[in-house]
There are 2 protein chains.
Amino acid sequence: MAEQDFDPRCWIAGTDADRPRMLHTMMRVRDPQASIRFYVEGLGMKLVDVFEIPERRLTAHFLGFEEGQQDGFLELAWYWDAEAAYTHGSGYGHVSVGAPDFDATFARLKAFGAEVLAEPFRIFPGGPRLAMVKDPDGYAVEIVQARRAQAEERA
Amino acid sequence: MAEQDFDPRCWIAGTDADRPRMLHTMMRVRDPQASIRFYVEGLGMKLVDVFEIPERRLTAHFLGFEEGQQDGFLELAWYWDAEAAYTHGSGYGHVSVGAPDFDATFARLKAFGAEVLAEPFRIFPGGPRLAMVKDPDGYAVEIVQARRAQAEERA
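Here the structure is a predicted model, which means the values were calculated and not measured. (Residues numbered from 1 in each chain as written. Chains lettered and ligands numbered in written order. Predicted model: local features only at pLDDT ≥ 70, side-chain atom pairs only at ≥ 80, totals over all residues. Heavy atoms only, no water.)

**Let's talk about the pairing of strand β3 (residues 58-64) of chain A**
Residue and element names in this part refer to chain A.
- Counting buried residues in β3 gives seven out of seven residues, a clear majority hidden from the surface.
- Burial of β3 is two-sided: the residues Leu58, Ala60, Phe62 and Gly64 facing one way and the residues Thr59, His61 and Leu63 facing the other way are all buried.
- Between strand β2 (residues 46-53) and β3, which pair antiparallel in sequence order, lie four residues; one of them, Arg57, sits at a positive phi of approximately 50°.
- In the sheet, β3 pairs with strand β4 (residues 73-79) via six bridges, with the strands oriented antiparallel. In the sheet register, Leu63 faces β4, and the bridge partner there is Leu74. (Buried < 20%, exposed > 50% of the residue type's maximum accessible area, 1.4 Å probe, protein only. Helix = DSSP H or I, 4+ residues; strand = E, 2+ residues; numbered from the N terminus. Pairing = 2+ DSSP bridges.)

This is the structure:
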């Protein structure tokens, strides 16, 4: 195989190929533009890469949070010929996002119009706050408070 | 809230709380020990943390690949009272793992007894090889070649 035939960028966002990594979580979506709006404008992610694969009638959209991110991207897979809404079994749960500014993130998601599955709560005393919202295809997305709020630090 | 009441370690593997992150992907499992064996002995992950939450009759197991990992952990949630096997809808796809040593990883999974959903293939010419296996609850796990094999480099 010629050198130029191997493109490790394909399917492997990030640059560190020397360690095993959790590359991404893949979910099928019906309306990629609606999904991208949700994850970008609502959740604050960035569209990192888009691969169109006509042979599979598939466009794969990869989203992440930051330049230096190496693990845990989202792959939103749009199958061009999917006809019905996707179903959700009882097994898969959610992706979970750590938000340094929990309140602002949750407020932005609400302003965006995200359906709220769970208002902010603590799963146990002293734990960070959690909230749960629904993406346009009905996948649950968990938001976790990654830092104490200033008000909590003063308390 | 007293300082010691806030434990940011809870639900937030890794240490970088100052940027938004993809913390983890949560999947419900029926037999956590079987799942942990699959992800540790088969896939090469490490059990990073275990939280038992009796109020919710839930034990949450967090797995990752490396010490420095900040994003993209797996949460295997064992609900103590789950009675039936979990179902899988048509929407959720898989988690995808980048393997520097694709052949050894796939061989180890096969030796472990993992059910193979897709033998190694290239999704397009010049792309990395991919394979797909099934975890004990039937969730698909994708393995992606993260580096060219030496034989490919010589070719």
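Moving on from the model shown.
**What to know about the confidence of the model for chain A**
Residue and element names in this part refer to chain A.
- Mean pLDDT over chain A works out to 86, with 84% of the residues at or above the 70 mark.
- In the model, residues 1-5 has pLDDT below 50 throughout and makes ten contacts with residues more than four positions away in sequence or in other chains.
- Of the two predicted TM-score estimates for the complex, the pTM is 0.89 and the ipTM is 0.89. (pLDDT = per-residue confidence, 0-100. Contact = heavy atoms within 4.5 Å.)

**Topic: the packing of helix α1 (residues 32-42) of chain A against helix α2 (residues 102-112) of chain A**
All names here are of chain A.
- Interaxial distance between α1 and α2 falls to 9 Å at its minimum, and their mutual angle equals 145°. Of the two elements, α1 crosses α2, and the hand of that crossing is right-handed. For the pair α1 and α2, contact is made by Arg37, Phe38, Glu41 and Gly42 and by Thr105, Arg108, Leu109 and Phe112, respectively.
- Here the contact of α1 with α2 is composed, by residue class, of three nonpolar, two polar and three charged. (Axes fitted to C-alpha atoms, helices over the stretch in contact; angles between N-to-C directions. Left-handed = near helix turned anticlockwise from the far one by under 90°. Nonpolar A, V, L, I, M, F, W, Y, C, P; charged D, E, K, R; others polar.)

**As for the nonpolar core**
- Core analysis: the largest hydrophobic core is formed by 50 residues, its most contacted members being Tyr39(A) and Tyr39(B).
- Those residues within four positions of Tyr39(A) in sequence are excluded, and the remaining contacts are Met27(A), Gly44(A), Met45(A), Leu63(A), Leu74(A), Leu76(A), Asp135(A) and Val141(A). (Core = buried A, V, L, I, M, F, W, Y, C linked by side-chain atoms within 4.5 Å.)

**As for the sheet that holds strand β5 (residues 92-99) of chain A**
- Here eight strands make up an open sheet; going across it, the order is β6(A)-β7(A)-β8(A)-β5(A)-β1(B)-β4(B)-β3(B)-β2(B) and the pairing mixed. The sheet terminates laterally at β6 (115-122) of chain A together with β2 (46-53) of chain B, the two strands that pair on one side only. On average, each strand axis in the sheet is tilted by 20° relative to the strand beside it, whichever way the strands run.
- Bridge count for β2(B) against strand β3 (residues 58-64) of chain B is seven bridges, and the pairing is antiparallel. Across the sheet, the residue bridging to Glu52(B) is Thr59(B), located in β3(B).

**Quick notes on the sheet that holds strand β5 (residues 92-99) of chain B**
- Spatially, β2(A)-β3(A)-β4(A)-β1(A)-β5(B)-β8(B)-β7(B)-β6(B) is the arrangement adopted by the eight strands of the open sheet, whose pairing is mixed. Across the chains shown, the open sheet's two edge strands, defined by having one partner strand only, are β2 of chain A together with β6 (115-122) of chain B. Strand after strand, the sheet turns through a mean of 20° between neighbouring axes, direction not considered.

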